[in-house]
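The primary structure of each chain is shown beneath.
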Amino acid sequence: DELRRYFDAVIDADQKIEPRDWMPTGYRQSLIRQIAQHAHSEIIGMQPEGNWISRAPSLQRKAILLAKVQDEAGHGLYLYAAAETLGVSRDTLVELLLAGRQKYSSIFNYPTLTWADVGAIGWLVDGAAIVNQVPLCRCSYGPYARAMIRICKEESFHQRQGYEILHTLAHGTPEQKVMAQDAVDRWWYPSLAMFGPPDADSTHSQQSMTWRIKRFSNDELRQRFVDMCVQQASVLGLDLPDPDLRWNEQRQAYDYTQPDYDELMRVIKGDGPCNRQRAAHRRAAHAEGAWVREAAQAYAEKQAARMREVAA
Amino acid sequence: DELRRYFDAVIDADQKIEPRDWMPTGYRQSLIRQIAQHAHSEIIGMQPEGNWISRAPSLQRKAILLAKVQDEAGHGLYLYAAAETLGVSRDTLVELLLAGRQKYSSIFNYPTLTWADVGAIGWLVDGAAIVNQVPLCRCSYGPYARAMIRICKEESFHQRQGYEILHTLAHGTPEQKVMAQDAVDRWWYPSLAMFGPPDADSTHSQQSMTWRIKRFSNDELRQRFVDMCVQQASVLGLDLPDPDLRWNEQRQAYDYTQPDYDELMRVIKGDGPCNRQRAAHRRAAHAEGAWVREAAQAYAEKQAARMREVAA
Amino acid sequence: MSTHLDRLLALGDDALVAAQRLGQWCTRSPEMEEDVALANIALDQLGAARLLLSYAGELEGAGRDEDALAYLRSDREFRNVLLVELADRDFAVMIAKLLFLAAYQRLRYQRLAAGEDARLAAIAAKAVKESAYHLDHAAMWTARLGDGTDVSHERMQAAVDEVWPYTHELFEDEPDLRLPWLSTVEDVLAGATVRRPADGWAPGGGRDGRHTEQLSYLLAEMQVLHRAHPGARW
Amino acid sequence: MSTHLDRLLALGDDALVAAQRLGQWCTRSPEMEEDVALANIALDQLGAARLLLSYAGELEGAGRDEDALAYLRSDREFRNVLLVELADRDFAVMIAKLLFLAAYQRLRYQRLAAGEDARLAAIAAKAVKESAYHLDHAAMWTARLGDGTDVSHERMQAAVDEVWPYTHELFEDEPDLRLPWLSTVEDVLAGATVRRPADGWAPGGGRDGRHTEQLSYLLAEMQVLHRAHPGARW
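Here's what I pulled together on the structure shown here. Nothing here was measured: the structure is a model prediction, and the numbers come from that model.

## Notes on the overall build of chain C
Link 1 in the chain: Helix and strand counts for chain C stand at 9 helices and 0 strands.
Link 2 in the chain: Along its sequence from the N terminus, chain C presents helices and strands in the succession α-α-α-α-α-α-α-α-α.
Link 3 in the chain: At 17 Å, chain C has a C-alpha radius of gyration in line with the 17 Å of a compact globule built from 234 residues.
Link 4 in the chain: Considered along the principal axes of its C-alpha atoms, chain C spans approximately 55 × 40 × 30 Å.
Link 5 in the chain: Residues counted as buried form 63% of the 234 residues belonging to chain C.
Link 6 in the chain: Residue pairs in contact within chain C that sit at least 24 positions apart in sequence constitute 78% of those at least 6 positions apart.
Link 7 in the chain: As displayed, chain C has an accessible area near 8400 Å², and 53% of this comes from carbon and sulfur atoms.

Below is the structure:
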């Protein structure tokens, strides 16, 4: 009918769908799922880096890291707000996260073992996020696209900070260089896995492409990321832990070893090193804060009642 | 009457009163108060040193310190057992401690700020305790006297360990020497105050002397402690923080500056640096352990019931 | 009498230790907005600490920069008041500490912003605005908790009772600030239906490096990485 | 394949980290007798750690003694299993960890006591007796908690469920020990009316220095003083 024709026309014209516009149920559900997962990833993603705030090795790095983790909380808030425009409340989404019924990016189920991991997360994980997210700035759903523009700007700032951390370490003492290389060794394949399963196995991709939520396939984005990293790694003076990484003249791209997708599946299913820890941390913070949220609610109600009394 | 005559005769003959013997109510109450306070001091006294178990600077020192704190728990247990022979249960005494209705030695209301404090506690605090306690080995109440013999033996071992810590620090790096001197500066006067108020102000002393619970006055014991420490300090190469400390040829003893008894009274009344902390720690451990003690109790009852069933 | 250098270190250490405690709430606070707000306050404190410690290091003239002062002193050399180092047992304790600290810092920075030392005055002029925001934030939560549910009221009261004794030390150097401080704080507490505790026990010693047993643990964690790599750049 | 040196470090680090966690119960346990008992077990673990690390240092031949190995390695260099570094969230978790560790150590030390390396055999011969006592103690508490009150049963079950996945790593090197270990542990759990969890998730990495995020905090505290005074004697 007409609503659907309008929707299709907007998508075809590469224009934006806005909250009040009609949209197919599948489109709405797909977006909710994706935006919620993205929001959850920002919130859970605060933990691995938050782990180093108290121990950051200089006051400047401490300030930068604290600001970064704060930005992630902010990104979470934008994204929940974007999801709310689709008619689902933030509380509902948070409950789904706490109940383990919605996912977040599996990369955050790996531990941050050293300070260099903060650098590696910035460089590789934020780097991969940006490659994933830049196309989302042109996503067909307006509120999501606009949130992504703001987020991508901050993410690229974060990525540069991570790169700088690694650069300083890689050009520092021998122990610092070892620390940096060790972090890259541990984060490289999980970062490649951030782009999801190979295109052949990707379930949601085709429909998302049609709807212009997604614009490139998992493998296209992964290749783009690899090509970007190879060059940067050589400036850093660090090795990417892939002996088969080499320039392919024909493809005009780097050949590389695929990440272990079986491991990715295990981690997604809950058996990564930190899945239980991340969920327990989030649940504990939520549970321990319950009395505070209840107090704020009770206070707001009392205040409203007082206002009404004054007005009456 | 006859019982009292027998009691007086035993005291006069410097023999031991045993649990089944008749004793005046005042004697019993006085002993319960003193033994309980002593037991509480062992238990609370575990905290300031326990504060350094996790951070002891060598594995050997860690083992020695852990064993020492463990000994203190053991001393607490003997002493509660000695008090129980007077007809008061350990649970009752522990409740009185937790409720703040019985005291423990005020020395434990000072914080252990550095590793050297562990040495200073061993040397000065255990040293003062020994001077106080050696005469108690001849106390008129048998179970207390026997507990003290065992305790004094271990205490003198602890004192030597503390002395060794300070000796090592005082002959170590300049920072270590500063740390040792700083600890002695902070613990000297509180240690002097451990002997209680000056004889003129001491409330319980005279009766305790008559009953041969106590054998020397506060000031006599304090003097003995000062004389002992002056010599040891010089071997350590550390200064006692008293500019007026000097040999008095006439008294054949050292003149010294009295501790600040007003401060002592404030600390006894509850306003020392750590009174609230020590009590809160003890109460928290007790409260957090409640479910465990209840489980042990329930299990014991089930086991007993099973035994009866088998027997029936 | 404390010297100008002592005063800078005292202010800087207050801010640094407060930042360290506040930073630990990030990912742990009761709602996401509060994660953001507390991180903001922590960043303000950290920013002030850096300016103050850098200045202190220059005044001292022994070549110590902000990091040398933050990472290479022991607790016996830290000059912060005990208030800021107390463990944040719960959200109410953290809010009580922030309320008392911010009300004090606002007055203190106000005075310094009008003082003779131009560099310090500039630092203080920035910090006084931040303190006003911190105070607002703490006052808002004091009201919400104090005048919220029965549970939150009890916890807020317990927190204020617990922290109150440590506020006396704030005024060791400038006792005349206590009156205006009391006026602010008593208003907030009254509005929050929280009883203002009686004065009594007044622990101190922080300005002379005699701290609670908690500070050395806080510093052990804060300094561990920096100290493990002597002389490294980060 | 792990070398003899790796094995000594692994055993020594297991014992050292276990001792560090156990030592933290001193003054905090549910009853005074337990303060004494846990300190005893901590002392046994610490004693074994010292012998094993001293031997490891000599074998390595790089001049590192027990303290150099304990205090000057980072968490990436520690070789303990993850089980021992897990935080003791409550008394039941501590007991579950001790039960699983002691049952393993007893078997491991039994085998080593009959092994070819005479020095290690002597260390193991002493340790095997201690492990038997630790196992008894843990088994006794598992029964008391598991078959005590409803609350304690729930907590003991939750603890066993939480810790169980980490037991797989104990048998990485000598998988044939798992069968006798299971036999011991299953008996204790059954006697305590505690359900034996299903096998599944099997986290590892400790023997290669890939630990949980908790170990570096534990080491920061343990090493802080030693590291602050390089080269000092204590």
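More follows now that the structure is in view.
## Considerations on the interface of chain A and chain C
Link 1 in the chain: With 46 residues of chain A at the interface, the matching set in chain C holds 47 residues.
Link 2 in the chain: Roughly 4000 Å² is buried in total at the junction of chain A and chain C, and carbon and sulfur atoms are behind 67% of that figure.
Link 3 in the chain: It is L59, Q70 and W291 of chain A that lose the most area in chain A upon contact with chain C, and together they represent 20% of the buried surface on that side.
Link 4 in the chain: On the surface where chain A and chain C come into contact, there are 3 salt bridges.
Link 5 in the chain: Its salt-bridge partner being E33 of chain C, residue R90 of chain A comes within 2.7 Å of it at the nearest N-O pair.
Link 6 in the chain: Linking chain A with chain C are 18 residue pairs in polar contact (both at pLDDT 80 or more).

## Remarks on the state of the cysteines
Residues and elements named next belong to chain A.
Link 1 in the chain: Counted by the stated rule, this structure contains 0 disulfides over all chains.
Link 2 in the chain: This cysteine, C139, is not joined by any disulfide, and C137 carries the nearest cysteine sulfur, 9.5 Å off.
Link 3 in the chain: The buried category is assigned to C139, whose relative accessible area is 0%.

## Overview of the interface of chain C and chain B
Link 1 in the chain: Contacts between the two partners involve 9 residues from chain C, matched on the other side by 17 residues from chain B.
Link 2 in the chain: Summed over both partners, the interface of chain C with chain B buries about 1100 Å², with 47% contributed by carbon and sulfur atoms.
Link 3 in the chain: Taken as a group, R76, W201 and E213 of chain C account for 63% of the area that chain C buries against chain B, more than any other trio of residues on that side.
Link 4 in the chain: There are 2 salt bridges connecting chain C and chain B.
Link 5 in the chain: For R278 of chain B, the salt bridge identified is with E213 of chain C, shortest N-O distance 2.8 Å.
Link 6 in the chain: Class assignment for the residues of the side of chain C that touches chain B results in 2 nonpolar, 3 polar and 4 charged.

Calculation notes
- Residues numbered from 1 in each chain as written.
- Chains lettered and ligands numbered in written order.
- Predicted model: local features only at pLDDT ≥ 70, side-chain atom pairs only at ≥ 80, totals over all residues.
- Heavy atoms only, no water.
- Helix = DSSP H or I, 4+ residues; strand = E, 2+ residues; numbered from the N terminus.
- Rg over C-alpha atoms; globule rule 2.2 N^0.38 Å.
- Buried < 20%, exposed > 50% of the residue type's maximum accessible area, 1.4 Å probe, protein only.
- Contact = heavy atoms within 4.5 Å.
- Areas by Shrake-Rupley, 256 points an atom, 1.4 Å probe, with all protein chains shown as cover.
- Buried area = accessible area lost by both parts, 1.4 Å probe.
- Salt bridge = Lys/Arg side-chain N within 4 Å of Asp/Glu carboxyl O.
- Polar contact = N/O pair within 3.5 Å; in protein donor to acceptor, adjacent residues only side chain to side chain.
- Disulfide = S-S within 2.5 Å.
- Nonpolar A, V, L, I, M, F, W, Y, C, P; charged D, E, K, R; others polar.

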